[in-house]
Amino acid sequence: MTTELRKGIYWVGHVDWSIRDFHGYLTDRGSTYNAYLIVDEKIALIDTVKSPYAGHLLAMISEIVDPARIDYVVCNHAEPDHAGGLTEVLKACPRAELVCNAKCLDTLRRYQGGADWKVKPVSDGQTLSLGRNTLKFIDTPMAHWPESMFTYVVEEKLLFSMDVFGQHYATVHRFDDQDDLSVVMAEARTYYANIIMLYGKQVTKVLDRAAGLPIEMIAPSHGLIWRNQVGEIVQAYRDWSVCKPKAKVVVLYDSMWGSTEAMALAIVDGAALPGVTVTLLKARTDHITLQATEILDAACLAVGTPTLNMGMMPEVGAGLIYLKGLRPVGKSGFAFGSYGWGKNGAQEVSEILKQMKVDLVREPLLSNYAPDAAILDECRVAGRLLGERALALAAAAG
Ligand code: FEO
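Rules used in this analysis
- Residues numbered from 1 in each chain as written.
- Predicted model: local features only at pLDDT ≥ 70, side-chain atom pairs only at ≥ 80, totals over all residues.
- Heavy atoms only, no water.
- Helix = DSSP H or I, 4+ residues; strand = E, 2+ residues; numbered from the N terminus.
- Rg over C-alpha atoms; globule rule 2.2 N^0.38 Å.
- Buried < 20%, exposed > 50% of the residue type's maximum accessible area, 1.4 Å probe, protein only.
- Contact = heavy atoms within 4.5 Å.
- Lys, Arg positive; Asp, Glu negative; His and termini not counted.
- Charge placed at Lys NZ, Arg CZ, Asp CG, Glu CD.
- Patch = residues over 30% accessible without salt bridge, like charges linked within 9 Å, V, L, I, M, F, W, Y side chains within 5 Å.
- Areas by Shrake-Rupley, 256 points an atom, 1.4 Å probe, with all protein chains shown as cover.
- Salt bridge = Lys/Arg side-chain N within 4 Å of Asp/Glu carboxyl O.
- Phe/Tyr/Trp six-rings, centres within 6.5 Å; stacked < 30°, edge-to-face > 60°.
- Lys NZ or Arg CZ within 6 Å of the ring centre and 35° of its normal.
- Axes fitted to C-alpha atoms, helices over the stretch in contact; angles between N-to-C directions.
- Left-handed = near helix turned anticlockwise from the far one by under 90°.
- Nonpolar A, V, L, I, M, F, W, Y, C, P; charged D, E, K, R; others polar.
- Core = buried A, V, L, I, M, F, W, Y, C linked by side-chain atoms within 4.5 Å.
- Domains from an automatic or database assignment.
- Buried area = accessible area lost by both parts, 1.4 Å probe.
- Polar contact = N/O pair within 3.5 Å; in protein donor to acceptor, adjacent residues only side chain to side chain.
- Expected span 1.5 Å × (residues − 1).
- Arc of directions from axis to C-beta.

I'd love a proper account of the overall build of the protein, names of residues and values included.
When you go through the protein residue by residue, the secondary structure sums to 12 helices and 22 strands. At 24 Å, the protein has a C-alpha radius of gyration in line with the 21 Å of a compact globule built from 398 residues. The principal-axis extent of the C-alpha atoms belonging to the protein is close to 75 × 40 × 35 Å. Scored against the burial criterion, the 398 residues of the protein give a buried share of 58%. Considering only contacts within the protein whose residues lie at least 6 apart along the sequence, 73% involve residues at least 24 apart. Each charge sign in the protein was given a centre, from 39 positive and 46 negative side chains, and these centres are 4 Å apart.

Could you give me a rundown of a positive patch on the surface, with the residues and numbers involved?
Taken together, the side chains of Lys201, Lys205, Arg327 and Lys357 present a region of like positive charge at the surface. Inspection of the secondary structure assignment puts Lys205 in helix α6 (residues 200-210). Among the residues examined, Lys205 registers a relative accessible area of 60% and is labelled exposed.

Describe the packing of aromatic side chains, listing the residues and the values that go with them.
Per the counting criterion, the structure on display carries 8 aromatic pairs. Chaining the aromatic ring pairs together yields one cluster made of Phe165, Tyr192, Tyr237 and Trp240. Geometry around Trp11 places Arg174 over its ring, the cationic atom sitting 4.1 Å from the centre. The ring of Phe175 is capped by Arg227, whose NZ or CZ atom sits 3.8 Å from the centre of that ring.

Any chance you could break down the packing of helix α5 (residues 181-196) against helix α7 (residues 230-241) for me, citing the residues and the numbers?
Between α5 and α7, the least distance of the axes is 11 Å, while the angle of their chain directions is 35°. Between α5 and α7 lies a crossing whose hand is right-handed. Along the contact surface, α5 presents Met185, Ala188, Arg189, Tyr191, Tyr192 and Ile196, while α7 presents Glu232, Ile233, Ala236, Tyr237, Trp240 and Ser241. Grouping the amino acids of the contact of α5 with α7 by side-chain chemistry returns 9 nonpolar, 1 polar and 2 charged.

Give a detailed account of the nonpolar core, specifying residues and quantitative values.
As a rule of thumb, nonpolar side chains are buried together in soluble globular proteins. Counting residues in each nonpolar core, the largest one holds 111 residues, and the members touching the most others are Leu5, Leu45, Leu108, Leu135 and Tyr237. Considering every element that reaches this core, the biggest residue donor is α5, with 8 residues. Residue contributions to this core reach at least three from each of two domains, namely domain 1 (3-241) and domain 2 (246-392). Apart from residues lying up to four places away in sequence, Tyr237 is in contact with Asp163, Val164, Phe165, Gly166, Tyr191, Tyr192, Ile196, Val203 and Leu207. Met263, Val268, Ala271 and Ala302 belong to the second-largest nonpolar core, a separate cluster that totals 24 residues.

Summarise the domain arrangement of the protein; cite the residues concerned and give the values.
By domain assignment, the protein separates into domain 1 (3-241) and domain 2 (246-392). The C-alpha-based centres of domain 1 and domain 2 are spaced at 38 Å. Taken residue by residue, the interface counts 11 residues in domain 1 and 14 residues in domain 2. The junction of domain 1 with domain 2 conceals about 1200 Å² of combined surface from both sides, 61% of it contributed by carbon and sulfur atoms. On the domain 1 side of the contact with domain 2, Arg189, Asn194 and Met197 bury the most area, a combined 49% of that side's loss. Here domain 1 is connected to domain 2 by 1 salt bridge. In this assembly, domain 1 and domain 2 are joined by 7 residue pairs in polar contact (both at pLDDT 80 or more). Contributions of two or more residues to the side of domain 1 that touches domain 2 are made by β5 (25-26) and α5. A breakdown of the residues in the side of domain 1 that touches domain 2 according to their chemical character gives 7 nonpolar, 3 polar and 1 charged.

Kindly report on α7, identifying the contributing residues and their values.
Since the α-helix turns once every 3.6 residues, residues separated by three or four places project in the same direction. With 12 residues, α7 extends 16 Å from end C-alpha to end C-alpha; this agrees with the ideal 16 Å at 1.5 Å per step. Listing the buried residues of α7 in full gives Val230, Ile233, Ala236, Tyr237, Trp240 and Ser241. Down the axis of α7, the sector holding all buried residues measures 130°, keeping them to one side. Buried residues along α7 sit against α5, α6, β16 (217-219) and α9 (288-296). Within two residues after α7, Cys243 carries a phi angle of roughly 50°, on the positive side.

Describe a nonpolar patch on the surface, listing the residues and the values that go with them.
A contiguous nonpolar patch, built from Met310, Trp341 and Tyr369 and spanning about 430 Å² of accessible area, is present on the exposed surface. A relative accessible area of 48% places Tyr369 in the partly exposed class.

Quick look at the structure:
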């Protein structure tokens, strides 16, 4: 069912209730691919959907206008979850011009060919009048692909923000104030941590530019449209873009026979100071999506592994490779773990933490086989050190 956002501006997207794996991101609550139709003297479609749902998108458009009447198809972002349906949609809109920037056109052509497309290239700051509505195009490079772009409807103070401010969240609702806000914000945080975190510096620049625009509504390419919590989601992005630390410690570990697990639990005990949130994650059972989300706003992390095959356990490695790529900033922490005849596991973890620019508060904390009472005491002391550091970092961040 279509939804009218503003007079003559409609949501015509697709709700993907059953998707659970979005290129490795665990989407427990499904997703949506949002497309928007502006019916004015000229008719514009803002983005499309994943290719399997292009027919559904055209059916949604047909509830409002004949797709053959569309004048412009704007592409804010070439990734296939939004542009995959472009070829089929353009076939159904024979008079439509594809509106996008040069980088976007290049990427689209590498995916889809499109030698026969009619193209209206646009550049940063350019405007396009539809009649009573004016579209303004704002390049947002690397937030999160090189060709990413916002489209702003000047008269309506409405920002089509592609992936930025999105959430993987399937729901019957279309607006933030119609749903459980705590769930919407949690999904927005998960989305930021797993899709956008790497691009924090670029996001800061984008937010600075957007601050110059009056914005009453933000319509992202996934999830709910922000109309009641615009200031809140923008502020959340300000905080997330610098990984603003909370007084929070994440302990991430895996274990073979319980020794590293016992160390992890002792570190949790030590870190659990008044005012400190402590989150224990087991790499083998807690998905990397959750690991990234929990680490986004944590001040500190401890990562533990036993030595297996002269190195760290593979699930710990998977989590660290993922986190290293996402580049969380400003963390303090240390490595820990048990070993038998080779100490390499925790040492490898410590090396990766160093590469991630984690401020290491100590050398790897080791236990030869099962930890004895003295080692467990050392774990509690190290955990307390992280708890105190987390309180200090959160206080400094304000
Ligand atoms: Fe939702 Fe970057 O695509």
